[in-house]
Amino acid sequence: MHYTFYIILGVVAVVVLGLLARLAGTFGPMLRDALLMFRLAKDAPRTAETKTVFGATSIYLPQVLRDFPDFHNNDAIAAVKTLVCEYLAIRYEGIPRFARSIVAEGLLSPIDRQPGHTVKNEIVHQVAMSRYIKTKECATITYQASVGYTLDGEPVEERYAVEYTLSLRDEYGEKQTLVCPQCGGVYTSTSQTVCVYCGAGIVRDTIKSWRFTSITLS
Ligand SMILES: [Zn+2]
């Protein structure tokens, strides 16, 4: 009777040990993988998430082109990208002013300057039109731009709203007259594509005639 008890106990012990060994075989590597992944996640550089751009270029660009048939959106987008990169250098690296962007006077003053940092790896991910307004005084396109960069090695992702304006009046408040470079005739409308006097095609350089009037985080 006693022997039977010890034999059963022995068999149970063997079965339990066998099960434990199998469990260790199955779960051991899983546990090791989990620990490894945890360690990798802990050591991985922190990444910031790209901001989504809320734009509707397909709605606003046709409106802009109706008023200004010679507007070049690709040139404007390239100018927005340059502006954002220059803005970051002015804000964080102590660069005194915009050098490559054509900006309105007064765009510099609201910039919250925090010099002494290093901005690197600037990438403007996306640029889209988010608003277009034309009055008698001016036409203003608002662009949204999502940008990623590192600030002293730390990744940053931001979204900016940029206003791009064409003044239709000069500094004295007079209606700005656009004059044909070929015959000197005065254009009657901003949407004119051909001079009514001499038939010359009207080409306004987007980069030279439009200027940035505002850049803010959005
Ligand atoms: Zn002309």
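Before any of the text, the structure's been laid out above.
Figured I'd write up the structure that's included with this text. Everything numeric in this text was worked out from a predicted model, so none of it was measured. For every chain, the first residue of the written sequence is number 1, and numbering continues from 1 onward in sequence order. Residue-level local features of this predicted model are given only where pLDDT is at least 70; pairs of side-chain atoms are given and counted only at 80 or more, and the full residue set underlies all totals for whole chains, interfaces and linings.

Think of it this way: any DSSP run of H or I at least four residues long counts as a helix, any run of E at least two long counts as a strand, and we number them from the N terminus. Regarding its fold elements, the protein chain presents four helices and four strands. Each helix (α) and strand (β) of the protein chain, taken in turn from the N terminus, gives the series α-α-α-β-β-β-α-β. Exposure criterion: with C-beta atoms placed from backbone coordinates, a residue whose C-beta has 20 or more other C-beta atoms within 10 Å is buried, one with 12 or fewer is exposed, and one in between is partly exposed. Counting only residues that meet the buried cut, the protein chain has 15% of its 218 residues in that class. Residue pairs are scored as contacts if the distance between their C-beta atoms, which are placed from the backbone, is within 7 Å. Looking at the protein chain alone, contacts between residues at least 24 apart form 61% of all its contacts between residues at least 6 apart.

What follows is about the pairing of strand 2 (residues 138–151). Any two strands between which DSSP finds at least two bridges are classified as paired. Pairing of strand 1 (residues 119–134) with strand 2 involves twelve bridges; the strand directions are antiparallel. When the sheet's bridge partners are listed, Met129 is paired in strand 2 with Tyr143. Taking the residues between adjacent antiparallel strands as the criterion, strand 1 and strand 2 are bridged by three residues. Alignment of strand 2 against strand 3 (residues 154–167), held across 14 bridges, turns out to be antiparallel. Paired with Tyr149 across the two strands is Val156, which belongs to strand 3. Adjacent in sequence and paired antiparallel, strand 2 and strand 3 are bridged by two residues, among which Asp152 carries a positive phi angle near 50°.

Turning our eyes to something else, we now look at the environment of Ile207. With respect to the helices and strands, the residue Ile207 is situated in helix 4 (residues 206–209). The class for Ile207 is partly exposed, based on 15 C-beta atoms found within 10 Å. Between the alpha carbons of Ile207 and Asp75 there is a distance of 6.8 Å; along the sequence they are 132 residues apart. Ile207 has contacts with Asp75, Ala79 and Ile102, leaving out every residue within four places of it along the chain.

Strand order in this open sheet of four strands is 1-2-3-4, and the pairing throughout is antiparallel. Looking at which strands have only one partner, the edges of the open sheet turn out to be strand 1 and strand 4 (211–217). In this sheet, adjacent strand axes meet at a mean angle of 25° when their direction is disregarded. Angular values range over 0 to 180 degrees, each being the angle between N-to-C directions of two axes fitted as lines to C-alpha atoms, with helices fitted over their stretch in contact. Along the sheet face, helix 2 (residues 57–67) touches strand 1 and strand 2 and points at about 65° away from the line of strand 1.

Further remarks concern unusual backbone geometry. Phi at Asn121 is positive, roughly 55°, even though this residue is not glycine. Residue placement: Asn121 occurs in strand 1. Even without a glycine there, the phi angle at Asp152 is positive, about 50°. Its place among the elements puts Asp152 in the loop between strand 2 and strand 3.

Here the focus is the nonpolar core. Remark: nonpolar core denotes a set of buried Ala, Val, Leu, Ile, Met, Phe, Trp, Tyr and Cys residues whose joining runs through C-beta atoms within 7 Å. Val80, Leu83, Val84, Tyr143, Ala145 and Val162 are the most contacted members of the largest nonpolar core, which has 28 residues in total. Contributions of two or more residues to this core are made by helix 2, helix 3 (73–93), strand 1, strand 2, strand 3 and strand 4. A per-element tally of this core places helix 3 first, with eight residues. Other than its neighbours up to four places away in sequence, Val84 contacts Val124, Ala145, Val147 and Tyr160.

One turn of the α-helix equals 3.6 residues, which is why residues spaced by three or four share an orientation. The terminal C-alpha atoms of helix 3 lie 29 Å apart, and with 21 residues this matches the ideal 30 Å at 1.5 Å per residue to within 8%. Residues of helix 3 that are buried: Ala76, Ala79, Val80, Leu83, Val84, Glu86, Tyr87, Leu88 and Tyr92. In this structure, the buried side of helix 3 is in contact with strand 1, strand 2, strand 3, helix 4 and strand 4. Expected span of a helix, by definition, is 1.5 Å for each gap between consecutive residues, and there is one gap fewer than residues.

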